[in-house]
Amino acid sequence: MSRFKCTAAGDAMVFRRTVDYEGFDELKDFIGKGDFRYLNLETTVHDFEVCGAALSGGSWFCAEPAVLGDMHKYGFNILSTANNHSHDYGQDGLLKTLEYIKKYDFPAAGTGRTLAEASGPVYLDTPAGRFAMIAACSSFTADMMAGEQTRMMAGRPGLNGVACKTMYQVTEEQFAQMETIAAQTAINGAADISRKEGYLPQLPEGQLDFGGLRFEKAEKAGKRTYVNPKDMARTVKAIEEAKFFADYVVISIHSHQIKKILKEEPSEFLEEFSRKCIDAGADAVIGTGPHLIRPIEIYKGKPIFYSLGDFFLENETMKWVPAGMFEKQGLTGNENMKDMYEDRSDHGKRGLYYSQVMFEAFVPYWEADENGNVTKIDLMPVELGYGQPKSTGGVPRPKYDAGILERLQEMSKAYGTEITIGSDGIGHVKL
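Remember, predicted model here, so these are calculated numbers, not experimental data.

About the thresholds
- Residues numbered from 1 in each chain as written.
- Predicted model: local features only at pLDDT ≥ 70, side-chain atom pairs only at ≥ 80, totals over all residues.
- Heavy atoms only, no water.
- Helix = DSSP H or I, 4+ residues; strand = E, 2+ residues; numbered from the N terminus.
- Buried < 20%, exposed > 50% of the residue type's maximum accessible area, 1.4 Å probe, protein only.
- Disulfide = S-S within 2.5 Å.
- Contact = heavy atoms within 4.5 Å.
- Pairing = 2+ DSSP bridges.
- Axes fitted to C-alpha atoms, helices over the stretch in contact; angles between N-to-C directions.
- Core = buried A, V, L, I, M, F, W, Y, C linked by side-chain atoms within 4.5 Å.
- Arc of directions from axis to C-beta.
- Polar contact = N/O pair within 3.5 Å; in protein donor to acceptor, adjacent residues only side chain to side chain.

A. Layout of unusual backbone geometry. Here the phi dihedral of D105 falls at roughly 60°; this positive angle occurs in a residue that is not glycine. Residue placement: D105 occurs in the loop between α3 (90-103) and β6 (108-109). The class for D105 is exposed, based on a relative accessible area of 63%. Unusually for a residue other than glycine, H347 sits at a positive phi of about 60°. Among the structural elements, H347 can be located in the loop between α10 (337-345) and β20 (360-368).

B. Just the state of the cysteines, in detail. Considering all chains together, one arrives at 0 disulfides under this definition. With no disulfide of its own, C51 lies 12 Å from the sulfur of C62, the closest cysteine sulfur.

C. Molecular detail of the environment of G287. Mapped onto the elements, G287 comes out in strand β16 (residues 284-288). The exposure class of G287 is buried, given its relative accessible area of 3%. Placed 152 residues apart in sequence, G287 and A135 show a C-alpha to C-alpha distance of 10.0 Å. Residues in contact with G287, not counting those within four places in the same chain, are I253, F305, Y306, S307 and L308.

D. Focus on the sheet that holds strand β11 (residues 164-170). If you walk across this open sheet you meet the 4 strands as β12-β13-β11-β14, and the pairing is mixed. The open sheet has two edge strands with one neighbour each: β12 (207-210) and β14 (222-227). Direction aside, the axes of adjacent strands within the sheet are offset by 30° on average. In terms of strand pairing, β11 meets strand β13 (residues 213-217) through 3 bridges, oriented parallel. Note on β13: the bridge partner recorded for Q169 is E216. Against the sheet, helix α8 (residues 268-279) touches β11 and β14, its axis set at about 25° to β14.

E. Quick look at the pairing of β20. The buried fraction of β20 is high, at 9 of 9 residues. Of the two faces of β20, the one lined by E360, F362, P364, W366 and A368 and the one lined by A361, V363, Y365 and E367 are each fully buried. The sheet contact formed by β20 and strand β21 (residues 374-383) spans 9 bridges and is antiparallel. Bridging from a neighbouring strand, A368 pairs with V374 of β21. Hairpin connection of β20 to β21: 5 residues between the antiparallel strands, including G372 at a positive phi of 85°.

F. Layout of the nonpolar core. Among the nonpolar cores identified, the biggest contains 52 residues, and L27, Y74, F76 and F311 are the most heavily contacted of them. Ignoring any residue separated from it by four or fewer positions in sequence, one finds L27 in contact with Y21, Y74, F311, V363, M380, V382, P396 and P398. Grouped together as the second largest cluster of nonpolar side chains are 36 residues, F36, A135, C137 and M144 included.

G. Molecular detail of the sheet that holds strand β9 (residues 129-137). Across the sheet, which stays open at both edges, the 6 strands sit in the order β8-β9-β15-β16-β18-β17 with mixed pairing between neighbours. On the outer flanks of this sheet lie β8 (122-126) and β17 (296-299), each paired with one strand and no other. Sheet twist, expressed as the average angle between the axes of neighbouring strands with direction ignored, equals 20°. Contacts between helix α7 (residues 229-245) and the sheet are confined to β8, β9 and β15 (248-254), with β9 contributing the most and set at about 165° to the helix.

H. Here's a closer look at α10. M337, M340, Y341 and S345 are the residues of α10 that are buried. One side of α10 carries all its buried residues, which in axial view fall inside an arc of 115°. The elements touched by buried residues of α10 are α9 (323-328). Looking at where α10 begins, the residue whose side-chain oxygen comes 3.2 Å from the main-chain nitrogen of K338 is N336. Note on α10: the residue one or two positions beyond its end, D346, has a positive phi of about 50°.

These figures come from the coordinates and say nothing about function on their own.
Next comes the structure, spelled out in structure tokens:
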């Protein structure tokens, strides 16, 4: 018998107010079937009371606070804020975002005033029981990471980063060639001195630091990605805490890493992290980040949604951005927003906003029993208005004839997941 009911949507790059439109009620009703209704808020939220950071998650994202009220209209009741745009307006922007989220009465996980706050679970009490969510991001720079508090120093505002480590593999012959190149170019000169002085750890036997990239000897060339053990241990500890206080535990992970050359393929890092979270007691894992859909895996009776795709894609409708975004395009900052967007996209020939698969997503509804084992998964295909004017595009609508679930169906086969599509266009995961 099912006890827990959940729905989830992917990345909300939402920068303007939402009004009722055709398809809104149908989508809202589907989302509303869940007691736990998740959204990844991929933007900062404020009235430009703060300045932009020196670096961003790609663009500098900011939405007016009233969009949070619109997210309530869709039915969402819990947010993740851990993503590569959390720090677009620095620590002040991150704290302002949390301030407005609290004002609009959303529980939110993944960022905070300290690492303990950012990495800890948040709770949602419902008639079905208490849900907990832990949110993390693997696509971040060091300045975005929240800092721990000690008896001597206050913590640092930021996100809950779970680092993806990458090891490049080369043959013994290639390794010897790289050692020669490193010696001749002195690419590791400063790092070698730091290691001699004790400021960097010594490299294990059979590994090479090459300009900050790590290589190891292997039978054939390739790469492997894996979770930073320290970050994984912190996540496991948070899951144990959540299991103590809640009935059902959800993990949110924002990850841009890929396995080889396709965005649709989850990295080994993401597979390892997701499965270890379930091994530790989590009941579901929701992936976001690459701006398109990725496979579904059922692991030990628990769902892993490797990426739900975008739920809003309004990244060419931002009102203002810092000078740094113009400078990235080689502009002066005296141009208008239209000039900047057209330069970046080469007049609509490249970028997220001009790729159809970035406008395709799905919203899962799933049920689980008393032990957290999934008993039902339904999938609504969603399309965001590819090719529409910027005044109406980027907004989610149910879309049953675009082949979205057929693509999800095919890519999920690699994980042993079978998806059927009903006559009503809704997908069903065979359990």
